[in-house]
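# Examination of the molecular architecture
Listed below, chain by chain, are the residues.
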Amino acid sequence: MTRPPRLARGVLQRVLPADARDAIEGDLFQLFTEHRARHGAVRAYLWYWREVLSFSTRFTVDRAARRNPLDFGAIPSRLDFMLGARMLAKYPGLALVGGFGMAVATAVGAGAFAFFTSYLYPPLPLHQGDRVVVLANLDRFTMDANRRLLHDFVVWRSELRSVVDVGAFRTSRRNLITDTGHGEPVVVAEMAAAGFRVARVAPLLGRALVDGDDNPEAPPVVVIGHDVWRTRFHRDGSIVGRTVRLGRIVHTIVGVMPEGFAFPISHSYWVPLRVDPAAHAVGAGPELHAFGRLAPGTTKEQAQAELTLLGRRAAAAYPATHARLLPRVMPFTDVFADGNGDDWEATIMTAMVAMLLVLVCLNVAVLVYARTVTRSGEIAVRTALGATRARIVTQLFTEAFVLSILSALAGLALVAIGLRYLDFIVVKISETGTVPFWIDPGLSTGTIVYTLGLAVLGAVIVGVLPGLKATGGQLRATLGHIRGGTGGHLGRTWTALIVVQVAFTVAILPPAVVKGGLLKAMATQAPRFASEQVVVATVERESSAPVEGERPRASADTWGTTQAALLSRVAATPGVAGATYASSLPGIDDDERIEIGSGGVIRTEWTRTFTVAASYFSVFNIKVDAGRTFNATDEALAADRPVIVNRSFADSLFRGQAAVGRRIRYAAHDDRVQPWHTIVGVVEDFPAGVEEPGRTNARIYHLAAHGAPENRQLLVRLQGPAAAAFGPMLREVATAVDPALQLRRIRSLDAAYADRRRTMGMVTLALALVVGSIVLLSAAGIYALMSFTVNQRRKEIGVRAALGGDARRILTTVLSRASWQLLAGVVIGLGLSLVIDRATGGEMMAGRGLMLMPGIAIFMATIGMLAAVGPVRRGLRVHPTEALRAE
Amino acid sequence: MSHQGLGEFEQMVLVAIVHLRGETYAIPIVDEIERRTGRTVARAAVYVTLRRLEEKGLVSSWMSDPTPERGGKGRRYVKIEAAGARALRDARQAADQMWRGLDPAKLRTR
């Protein structure tokens, strides 16, 4: 970063005249060095680029003005822009259709760019943030990160030379017990002291964690964030030394970090990472993220080489656990994105998504070309008067740019809405429940610049390509046809493009319509039971992130007792009608494939599965149609554990026959045959109004055992709508049962369903926009083709009409070419649609493919015919004398 | 050389060179104009103007030796020529003639 950006220097060298180049480069170099020293490298880079753009513009204009003082050549003028705006007003259909398509395509392209640059691979806002790295073990085959790297972390910390301040962290949830007595779950970073050295941020008050803090014998300490200090401790200047209770343990606050500090992800509480490697086998232990900072003068490649060597050594020493592992040095942001360090993948993805814009713009280019050839007379006259080809193409480019920049602005607005929703999703999936500190929500400058770039690209395709074609070799010949209206022709490429476009539209419409219909149905349906009277919360034991394969801290018995105590305390709370547990929210459950045994024949079916506590049915007053619900003895049955099914299950799988007493089992996983279950009861379908159209509503209920981890969703049915005060009261009850008991995401079931509907609504909207733009462009393509065909044959129509030809026959002839293209597109599209349907086993169209496809074909043909109405009417209005005069 | 075609910005650049003792290079010229006018000047505009002035014979230029602190590039020094000084004087006289009898402080706009 000591020299100006190479690309900018390259641009400068190309733009500047040879006699001025050295002096200007030297001056800018000198000023860049001064800027860097005064304002830092990033601002110096930006300054340099701004200067390069300024020099490029000034010298290009200067050169053009020297060449011809009256004609600035390829430099667009204000008049060109005004002409562009006028063309939009003159052709509103083209402006609306093309603009809509380009806006959607730009939104998709810019959205992908924003996602990759701002969310997946943004720069880390720390001092020399690009040198902070994650050290990870990736599975050689799946490329998934294996985070049980405690022993590797110990080795890396002591042996790596190319990475310094190697540390590790994990995120855990603790109950912060305040003076009010109730616990509130907070997200805590259990982090090695090296984390603070890597971040290079000094504490505002007190001290950060130090190496001795992670000693198990050291007193428990905590460092808090600025937001916590401000909101919870009212900026208490004497906070250092005070104690705070995190779960069962009292911690001493030793420091406060400055505003904005949230390393490693978005944390506000930091406690020492105390994990004893001796207590865990190699390849076992808690899930950790390891990180460090590249040593001064070391490159990422050198660090990778050193880590690879250590990885080979570990693989030789512990083949069982390490032979599959691939140690990688990755950008720090991969700690959240779960990437594999290959940020070039993002570049490829962005480029692929940008291709959508290219495709859309090619479509718009067809329309613009059709319009441009109608102006070939005007172009020819201007050429004859001395305008260069570059000048005319520049004007066409500028006209297209007006359309593309307006579309880009609309696209940016869509991206801004989408990003707000993306933030919502990031918060949902983030282990800390907030956006990582390096993500700057909303539109970044980079995204805006990229979108402007897309607008230029769009204008090049939409304006320059048709412009070059329209000003090609046949221009001179056109001078003779100025009065005739049109010249040029739509070549085979354009025609093929329209056929492909119609085919593509017909192929994607059926699955899109089916999926869109299902999503819309889900987005608009309302639960048909009093979901606003149900409060839900996720119940967890205070612990670090769950450690698979590690012995739980509390036995199932203890946990079961706590669960039962919570349930009885909640049920006894005033205003509560009943409380129970389930594995997830009612109606939001998993699909499984089951096998049903019947007379030695086993058939497989899809069903939904849900694990509930025995009290689930009584709490929600679910009616029993046959048999019984679960009872206390069911849990004791180790084998042949009973299940309950709903009415839809009994009706669809047993077709009216008695279900009670029948046996089912899940389809084998990894060749392991699953045990049989006996159906002991049939209950009514519940919950009503949250079904997913297109997905089975057949459901199997399993009984969650005492202390089972499936009992994670607490469901409380109230006697009336949930009041805002109920949440804090519920927390208080939980803390009274056990200070380490955590209740997360307390909300009404109604709000949970509303969240889900919102997601479905957004997906439906996005789908509708993309499909709508494709259908519109396709229709517009057909319209352009029809219009062009009729315009080209005006003279022929006039002559035929003058000779007394039948109007219908004339039109049939005129439209025949367009019709066969339409037909070809529909037939190819239907074929593709059938292939897609077969390939997905009918899943893409939810079994409605055959019913939908003829409908879609008719729909497209109708659109084509409707698009032809205008040009056809114009064709009929051609007066014979007018046509003959053009002869 | 007539002062015809000497634009306002060309005059500013020429005056800045005079202020800088008649011999200087682009960076101080930009600074001088910005300091005296209180306006930000597009650096590129100064370079383009210097080239035009040289083509008109109003200034002359030569390159200095390259230096490492300038990325191995030299500096282009410019010097006002007699024609330049004359054009500047003529432009000033023309402006004075036009202003004669007017008081800038009493200028009113509708």
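Now for a description of the structure that goes with this document. Only a predicted model underlies this, so the values are computations on that prediction, with no experimental measurement involved.

What follows covers the sheet that holds strand β1 (residues 23-25) of chain B. Residue and element names in this part refer to chain B. Ordered in space as β1-β3-β2, the three strands form an open sheet in which the pairing is antiparallel. Two strands close off the open sheet at either side, each with one partner strand: β1 and β2 (59-63). Neighbour-to-neighbour, the strand axes of this sheet turn through a mean angle of 30°, independent of strand direction. Across five bridges, the pairing between β2 and strand β3 (residues 76-80) is antiparallel. Looking at the pairing, S60 lines up with K79 of β3.

A word on the pairing of strand β14 (residues 576-582) of chain A. Each regular strand displays side chains that alternate between the two surfaces of the sheet. Residue and element names in this part refer to chain A. The buried count for β14 comes to six of seven residues, which makes it a mostly enclosed element. Looking at chain direction, β14 and strand β22 (residues 713-718) are connected through six bridges and run antiparallel. Each residue of the ladder has a partner; that of A579, found in β22, is V716.

Taken together, the contact pairs 23 residues of chain A with 21 residues of chain B. A buried area of about 1900 Å², summed over both sides, lies between chain A and chain B, and 55% of it is on carbon and sulfur atoms. On the chain A side of the interface with chain B, the three residues burying the most area are A:D27, A:Q30 and A:R66, jointly 27% of the side's total. Inspection of the region where chain A meets chain B yields six salt bridges. Here B:K73 makes a salt bridge to A:D22, at a shortest N to O gap of 3.7 Å. Where chain A meets chain B, there are eight residue pairs in polar contact (both at pLDDT 80 or more). At the level of elements, α2 (18-39) and α3 (41-67) of chain A are the ones that each hand at least two residues to the side of chain A that touches chain B.

A few words on the nonpolar core. Judged by nonpolar contacts, the single largest core of 42 residues is most densely connected at A:F55 and B:I29. Listed in part, the 40 residues of the second largest apolar core include A:L209, A:V221, A:I265 and A:W270.

Another point: the environment of A:Q742. Residue and element names in this part refer to chain A. With respect to the helices and strands, the residue Q742 is situated in strand β23 (residues 741-748). The exposure class assigned to Q742 is buried, which follows from its relative accessible area of 0%. Residues Q742 and R173, 569 residues apart in the sequence, show an inter-C-alpha distance of 8.4 Å.

All names here are of chain A. Across all of its chains, the model carries 33 aromatic pairs over all chains by this definition. Centre to centre, the rings of W47 and Y48 are 6.3 Å apart; their planes meet at 65°, and the pair counts as edge-to-face. As far as burial versus exposure is concerned, W47 and Y48 are alike and both buried. Aromatic pair F55 and F59: ring centres 6.1 Å apart, planes at 10°, arrangement stacked. Taken together, the positions of F55 and F59, both in helix α3 and four residues apart, correspond to about one turn of that helix. Judged by relative accessible area, F55 falls into the buried class, the value being 0%.

Calculation criteria
- Residues numbered from 1 in each chain as written.
- Chains lettered and ligands numbered in written order.
- Predicted model: local features only at pLDDT ≥ 70, side-chain atom pairs only at ≥ 80, totals over all residues.
- Heavy atoms only, no water.
- Pairing = 2+ DSSP bridges.
- Helix = DSSP H or I, 4+ residues; strand = E, 2+ residues; numbered from the N terminus.
- Axes fitted to C-alpha atoms, helices over the stretch in contact; angles between N-to-C directions.
- Buried < 20%, exposed > 50% of the residue type's maximum accessible area, 1.4 Å probe, protein only.
- Contact = heavy atoms within 4.5 Å.
- Buried area = accessible area lost by both parts, 1.4 Å probe.
- Salt bridge = Lys/Arg side-chain N within 4 Å of Asp/Glu carboxyl O.
- Polar contact = N/O pair within 3.5 Å; in protein donor to acceptor, adjacent residues only side chain to side chain.
- Core = buried A, V, L, I, M, F, W, Y, C linked by side-chain atoms within 4.5 Å.
- Phe/Tyr/Trp six-rings, centres within 6.5 Å; stacked < 30°, edge-to-face > 60°.

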